[in-house]
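Report on the structure
For reference, the chains in residue letters:
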Amino acid sequence: MKYRVLKRCNGLKVSEIALGCEGFIGKTAEEFRAMLDRALELGINFIDMYTPNPEFRDHLGAAIAKRREEVVLQGHICAVWENGQYLRTRDLEKVKASFEDQMQRLGTDYLDVGMIHYVDSMSDFEEVFGGKVIEYCKELKAAGKILAVGLSSHNPEVARKAVETGLIDVLMFSVNAAYDMQPPSEDCNDLWEPEKYKDGLEGMNPERKALYELCERENVAIDVMKAFGGGDMLNAELSPFGVAFNEYQCMEYCLTRPGTVAVMAGCHSIDEMEKLVSYYEAAAEEKDYSTVLAGMEKFKFQGNCMYCGHCAPCSVGINVADVNKYLNLALAQGEVPETVADHYRLLEHHASECIACRKCESNCPFAVGIVEKMKKAAEVFGY
Ligand code: SF4
Ligand code: SF4
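Remember, predicted model here, so these are calculated numbers, not experimental data.

One can find Gly26 in the loop between β3 (17-19) and α1 (29-41). In sequence terms Gly26 and Ala283 are 257 residues apart; their C-alpha atoms lie 35 Å from each other.

What follows is the structure, encoded as C-alpha cells:
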C-alpha cells in the first residue's frame with residue numbers, strides 16, 4: 001500500500017486505496033469485522049462513512065474498538081437517519097444529534113474528517129457557508145471533535161467556491177475520465193446522461209481541471225468517489241465512452257489528477273478489496289489509461305497533458321508528467337507558488353536537462369508538444 005498525506009490535517013497519512021461504506025451495509029457484525037480486519041492487513045486505513053445507518057455505525061464501532069488509532073475515519077455531517085433511511089438535512093438540531101449518535105456508536109471522541117454532506121447547488125452552498133452548519137463545523141474543529149473539515153460535492157463550481165473560503169481541508173469529489181469532460185451541473189444525474197455524450201466531446205472540462213489544480217496548490221486533499229462511475233466505466237455497454245476501462249486504469253486515472261490523495265471504493269467483499277490492492281502488483285500496461293482515452297473516436301483529449309506517464313522513459317530521466325503538472329499549476333496561478341517550487345526542486349531531473357530528442361513525443365498518445373513544455377518549464381522555474 002502507498003500512502004498520501006492530508007496536508008491540512010497534521011500530516012495524517014491515508015492509504016491511496018480507501019473504502020466507501022456501501023459494501024459494509026447489510027453485513028453481520030462478524031462479516032463486518034472480518035472485512036475491516038482484512039482491510040487493515042492490506043494497509044487500507046481510510047474509511048468514508050457517509051451513511052448514518054445505526055447498524056453500520058454500531059458494527060464499525062465494535063470492529064475498531066481496540067484499534068481506533070489505526071483508522072482514519074471520515075464521517076459525514078448533515079446526513080441523518082429517519083424512518084429507516086438516510087436523508088441529507090441542514091437542520092442544525094438534527095445535524096448535531098446525528099453527529100453525537102455517530103461518535104457514541106463508534107465509541108470515539110473524534111473523527112479525523114468531518115465531511116459536510118453533499119453540496120451541489122449554489123443555493124445550498126450559500127445556506128451552508130452563510131449559516132449555522134459551517135459555524136458548527138468550526139466549533140467541532142476547535143473542540144478537537146473533528147481534525148479536518150471536509151465537503152462532498154459533484155459540482156466543480158460549488159467545490160471551488162468552498163475551497164476558496166479557506167475553511168475546507170478535504171474535498172470528496174466525483175472523478176473519472178467521463179465526468180471530467182462534462183461542464184459543471186447542479187444535478188449530478190446529468191453527468192451520466194447519454195444525451196450529454198452523443199455528439200462526442202473534446203478535452204477535459206476547464207472548471208474541473210482548475211478545481212484539481214486549486215486543491216493541489218491549497219493543499220486541500222481530494223478523496224475520490226465514483227472512480228468507476230458506479231461500475232459503468234468498467235462495462236463497454238454502460239460506459240458513456242462505449243469502451244470499458246479496467247479497475248486499475250480507473251484508479252490510476254484518479255490518482256494522477258492533481259490534488260488527489262485517495263480513491264474511495266465501495267468493496268462488498270474481501271475478494272473485491274484484494275483485487276483492488278493488487279493494483280500495486282499490476283504491470284504498467286494494465287494501469288495505463290492513456291491507450292483507452294487516446295483510442296476513442298468521438299472523445300478527444302489531444303494537446304493537453306493527462307499526466308499518464310505513457311511518454312516515459314525520457315532519455316535523460318525527466319519525469320515529464322510531473323514537470324507538466326507543476327508547470328500547469330504555476331501557469332494557472334500566474335506565479336510559482338512556494339509549494340510547487342519545492343516539489344519541482346525535489347525532482348531528480350529538471351526541464352532544463354531536456355536535449356530535445358523528441359523520443360517522448362513519439363510515445364505521447366495525446367500529441368503534447370513536450371519539448372516546448374520543457375522549455376517553458378525551464379523558463380518558469382529557472383532551471
Ligand atoms: S506528455 Fe503525453 S504521455 Fe506524457 S504524461 Fe503527458 S499526456 Fe501522458
Ligand atoms: S525530448 Fe526532452 S523530455 Fe523528451 S525524452 Fe528527450 S530529453 Fe526527455
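Another aspect to go through is the environment of Glu297. Secondary-structure assignment places Glu297 in the loop between α11 (290-294) and β14 (299-300). When the C-alpha atoms of Glu297 and Gly26 are compared, they prove to be 42 Å apart, with 271 residues separating the residues in sequence.

In this section: the environment of Val72. Inspection of the secondary structure puts Val72 in strand β5 (residues 72-77). A residue is classified by how many C-beta atoms lie within 10 Å of it, and Val72, with 24 of them, is buried. Taking the C-alpha atoms as reference, Val72 lies 32 Å from Asp190; in sequence the two are 118 residues apart. Discounting residues that sit within four places of it in the chain, Val72 has contacts with Leu12, Val14, Asn45, Phe46 and Asp112.

This part covers the packing of helix α6 (residues 156-164) against helix α7 (residues 206-218). It is the contact of α6 with α7, at a shortest axis distance of 9 Å, that shows an interaxial angle of 20°. Put simply, α6 runs roughly parallel to α7. Note on packing geometry: the crossing formed by α6 with α7 is left-handed. Two secondary-structure elements touch here, α6 through Pro156, Glu157, Ala159, Arg160 and Val163 and α7 through Glu207, Arg208, Ala210, Leu211, Leu214, Cys215 and Glu218.

Not every one of the 15 residues close to ligand 1 is listed here, only the nearest: Cys305, Cys308, Cys311, Ala321 and Cys364. No other element matches helix α12 (residues 320-333), which puts three residues into the shell around ligand 1. For the shell around ligand 1, a count of residues per class yields eleven nonpolar, four polar and no charged.

Our focus in this paragraph is the nonpolar core. With 122 residues, the main nonpolar core has Ala18, Val170, Leu171, Val224 and Val263 as its most contacted residues. Of the domains in this structure, domain 1 (3-288) and domain 2 (320-381) are the two that each give at least three residues to this core.

When two helices pack together, their arrangement is captured by the angle between the axes and the distance separating the axes. Relative orientation of the contacting elements α12 and helix α15 (residues 370-381) amounts to 55°, with a least axis distance of 10 Å. Regarding the angle of α12 to α15, the classification is oblique. For the pair α12 and α15, the crossing hand works out as left-handed. In this structure, α12 uses Val320, Val323, Asn324, Leu327 and Ala330 to contact α15, whose residues at the interface are Ile370, Lys373, Met374, Lys376, Ala377 and Val380. Considered class by class, the residues forming the contact of α12 with α15 number eight nonpolar, one polar and two charged.

The buried fraction of strand β10 (residues 170-174) amounts to five of the five residues, a majority that puts the element mostly inside the structure. On β10, burial covers both faces: Val170, Met172 and Ser174 on one face and Leu171 and Phe173 on the other are all buried. Taken together, the four bridges between strand β9 (residues 146-153) and β10 define a ladder with parallel strand orientation. Each residue of the ladder has a partner; that of Leu151, found in β10, is Leu171.

Turning next to helix α3 (residues 92-106). Between its first and last C-alpha atoms α3 spans 21 Å; for 15 residues at 1.5 Å apiece the expected length is 21 Å, and the two agree. Where the residues of α3 are buried, they touch α2 (54-63), β5, β6 (79-82) and α5 (132-142). One or two residues past the end of α3 sits Gly107, with phi positive at roughly 70°.

This brings us to the domain arrangement of the protein chain. The domain boundaries assigned to the protein chain delineate domain 1 (3-288) and domain 2 (320-381). The interface of domain 1 with domain 2 comprises six residues on the first partner and eight residues on the second. Partitioned by chemical class, the residues of the side of domain 1 that touches domain 2 number two nonpolar, one polar and three charged.

Calculation notes
Residues numbered from 1 in each chain as written. Chains lettered and ligands numbered in written order. Predicted model: local features only at pLDDT ≥ 70, side-chain atom pairs only at ≥ 80, totals over all residues. Helix = DSSP H or I, 4+ residues; strand = E, 2+ residues; numbered from the N terminus. Buried ≥ 20, exposed ≤ 12 C-beta atoms within 10 Å, placed from the backbone. Contact = placed C-beta atoms within 7 Å. Axes fitted to C-alpha atoms, helices over the stretch in contact; angles between N-to-C directions. Parallel < 35°, antiparallel > 145°, perpendicular 65-115°, else oblique. Left-handed = near helix turned anticlockwise from the far one by under 90°. Near = placed C-beta within 6 Å. Nonpolar A, V, L, I, M, F, W, Y, C, P; charged D, E, K, R; others polar. Core = buried A, V, L, I, M, F, W, Y, C linked by C-beta atoms within 7 Å. Domains from an automatic or database assignment. Pairing = 2+ DSSP bridges. Expected span 1.5 Å × (residues − 1).

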